[in-house]
Amino acid sequence: MKVRATAPGRVNLIGEHTDYNEGFVLPAAIDYAVTVEAVARKERSVTARSANFPGSETFSLESLERRDGSEKIRWVDYLKGVCWAFGEAGYRLRGAQLAISSSVPVGSGLSSSAALEVAVAAALAGLSGLKLERRELAMLCWRAENEYIGVRCGVMDQFAAALSRAGHAMLLDCRSLEYEYIPLPLERCRLLIVDSRVPRALAVSEYNRRREECEAAVEQLPGLLERPLRSLRDLSAKELVWVEGQLPDPLGRRSRYIVEENERVKRAAAALRSGRLEEYGRLMGLSHTGLRDLYEVSSPELDEIVEAATAVPGVLGARMTGAGFGGCAIVLLEREAESQVRQRLGEAFACRRWREPSFYPTFAAAGLTLSGGGF
Ligand code: ADP
Ligand code: MG
């Protein structure tokens with residue numbers, strides 16, 4: 001028996017750092033994906049090869065222990081993590097031989113890890129005759145990344161890889177995990193992902209620090225507001241005006257960014273739903289400014305991409321995307337403007353002696369697809 005599963009990477013259109021504040025995000029799947037071809041085997045073990053990494057890996061499904069968190073993460077750990085999560089959820093997987101290939105850039109913040117997890121999970125579930133809802137599959141992969149790999153990420157990446165719909169973004173409420181498909185009117189436009197190719201060296205430590213700052217604000221707010229509060233998502237714009245100055249710096253600025261960004265996500269979804277791409281483009285700019293000045297997670301390269309791209313006629317908006325400190329930005333542009341944007345950004349980076357950026361043009365792609373044994 002043979003199964004083939006393909007799961008895409010994703011880009012977040014707006015709603016950055018809102019996920020761990022139980023707020024809103026708006027990801028879309030991209031035209032770059034991980035494909036896993038799986039063949040069943042008798043033994044309860046998995047052998048895998050990836051066209052993007054050297055060597056072949058084999059592990060048993062019988063005794064998958066949690067990994068030792070101090071060891072370096074290897075690509076096979078993502079596969080083990082997924083298998084471990086199936087076991088934790090009470091499912092029994094069949095052994096398999098996996099061939100992995102991918103067009104998702106690795107480590108650029110386009111979520112190659114979630115695409116890999118979701119494609120592997122779907123292929124193994126398909127081979128094993130398990131009938132899972134896609135949402136459950138996404139949660140299982142999320143658990144693998146958080147508890148097995150040890151990366152504290154929100155559910156957005158796995159939800160986007162498993163559940164995206166072509167031509168649509170996904171408005172996801174990170175508290176209730178309810179989601180809604182928002183049509184993306186990209187007839188004359190497209191998204192251009194620009195990878196700054198700056199290693200996200202600060203990303204982990206600063207990401208954790210932002211999380212702690214948000215938690216610290218949530219601890220102090222009930223005293224100021226005289227009401228309980230679970231996360232910054234619960235802070236209203238009106239209350240913000242009152243408490244912002246009373247919180248110690250930078251907690252006031254961090255809180256303002258989160259409150260405003262959540263509002264922007266809802267506005268962007270409404271704008272896209274009614275075909276107002278220009279309005280979404282404007283919100284992209286405001287989101288970037290907030291990330292740069294209030295949340296302080298941008299980088300000189302990301303700022304340059306946004307500034308230089310926005311100056312090109314036919315560009316509707318641009319913003320950094322992902323956790324920041326390197327990684328990617330997205331530019332919303334009319335198709336005719338793409339070559340000029342590429343040229344301008346290439347020149348701007350060369351001028352500063354930065355490495356040439358990489359470009360990934362995309363529309364909103366489909367989520368997971370499965371052929372062979374399906375569910
Ligand atoms: P991102 O998800 O932003 O691309 P991560 O650091 O979260 O970056 O995940 C990248 C890791 O995922 C890689 O180092 C590798 O271990 C694994 N990975 C991604 N794509 C593949 C692939 N095609 N084959 C094997 N492993 C992959
Ligand atoms: Mg990842």
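Our subject is the structure that appears above.
Residues numbered from 1 in each chain as written. Chains lettered and ligands numbered in written order. Predicted model: local features only at pLDDT ≥ 70, side-chain atom pairs only at ≥ 80, totals over all residues. Heavy atoms only, no water.

Across the sheet, four strands lie side by side as E10-E11-E9-E12; this open sheet has antiparallel pairing. At either end of the open sheet lies a strand with only one pairing partner, and these are strand E10 (315-320) and strand E12 (358-362). Shown here is a sheet whose adjacent strand axes are inclined to one another by a mean of 20°, direction ignored. Of the strands in this sheet, strand E9 (189-195), E10 and strand E11 (328-334) touch helix H9 (residues 300-310), which is tilted by about 175° from E10. (Pairing = 2+ DSSP bridges. Helix = DSSP H or I, 4+ residues; strand = E, 2+ residues; numbered from the N terminus. Axes fitted to C-alpha atoms, helices over the stretch in contact; angles between N-to-C directions. Contact = heavy atoms within 4.5 Å.)

Enumeration over the complete set of coordinates arrives at nine aromatic pairs. Aromatic pair Tyr-20 and Tyr-207: ring centres 5.4 Å apart, planes at 75°, arrangement edge-to-face. Taken together, the residues Tyr-20 in the loop between strand E1 (2-12) and strand E2 (24-25) and Tyr-207 in helix H5 (residues 203-225) connect sequence positions 187 residues apart. In this structure Tyr-207 comes out as buried when scored by relative accessible area, which is 15%. Ring plane angle 35° and centroid distance 6.2 Å describe the contact between Phe-53 and Trp-75, whose orientation is recorded as tilted. Of this pair, Phe-53 sits in the loop between strand E4 (45-50) and strand E5 (56-60) while Trp-75 sits in helix H1 (residues 75-88), and the two are 22 residues apart along the sequence. Classification of Phe-53 as partly exposed rests on a relative accessible area of 34%. Its relative accessible area of 12% is what places Trp-75 among the buried residues. Taken together, the ring pairs connect Phe-159, Tyr-179 and Tyr-181 into an aromatic cluster. (Phe/Tyr/Trp six-rings, centres within 6.5 Å; stacked < 30°, edge-to-face > 60°. Buried < 20%, exposed > 50% of the residue type's maximum accessible area, 1.4 Å probe, protein only.)

Moving on, we come to the site of ligand 1. Around ligand 1 lies a shell of 18 residues, among which Ser-50, Gly-107, Gly-109, Ser-112 and Ser-113 are the nearest. In the model, an oxygen atom of ligand 1 is placed 2.8 Å from a nitrogen or oxygen of the Gly-107 main chain. One of the side-chain N or O atoms of Ser-112 is found 2.6 Å from an oxygen atom in ligand 1. When isolated, ligand 1 has an accessible area of 570 Å², and the protein chains bury 84% of it. Listing elements by their share of the shell around ligand 1, those giving two or more residues are H1, strand E6 (95-102) and helix H2 (112-127). (Near = heavy atom within 4 Å. Polar contact = N/O pair within 3.5 Å; in protein donor to acceptor, adjacent residues only side chain to side chain. Areas by Shrake-Rupley, 256 points an atom, 1.4 Å probe, with all protein chains shown as cover.)

Here the structure, examined in full by the defined rule, presents 35 salt bridges. The closest approach of N and O atoms between Arg-319 and Glu-16, which form a salt bridge, is 2.9 Å. Taken together, the residues span a long stretch of sequence, with Arg-319 in strand E10 and Glu-16 in the loop between E1 and E2 at a distance of 303 residues. For the salt bridge of Asp-173 with Arg-233, the shortest nitrogen-to-oxygen distance reads 2.9 Å. Taken as a pair, Asp-173 in strand E7 (residues 168-173) and Arg-233 in the loop between H5 and helix H6 (237-243) lie far apart in primary sequence, 60 residues in all. The exposure class assigned to Asp-173 is buried, which follows from its relative accessible area of 13%. Through salt bridges with shared partners, a single ionic network connects Glu-206, Arg-209, Arg-210, Glu-213, Asp-249, Arg-253, Arg-254 and Glu-296. (Salt bridge = Lys/Arg side-chain N within 4 Å of Asp/Glu carboxyl O.)

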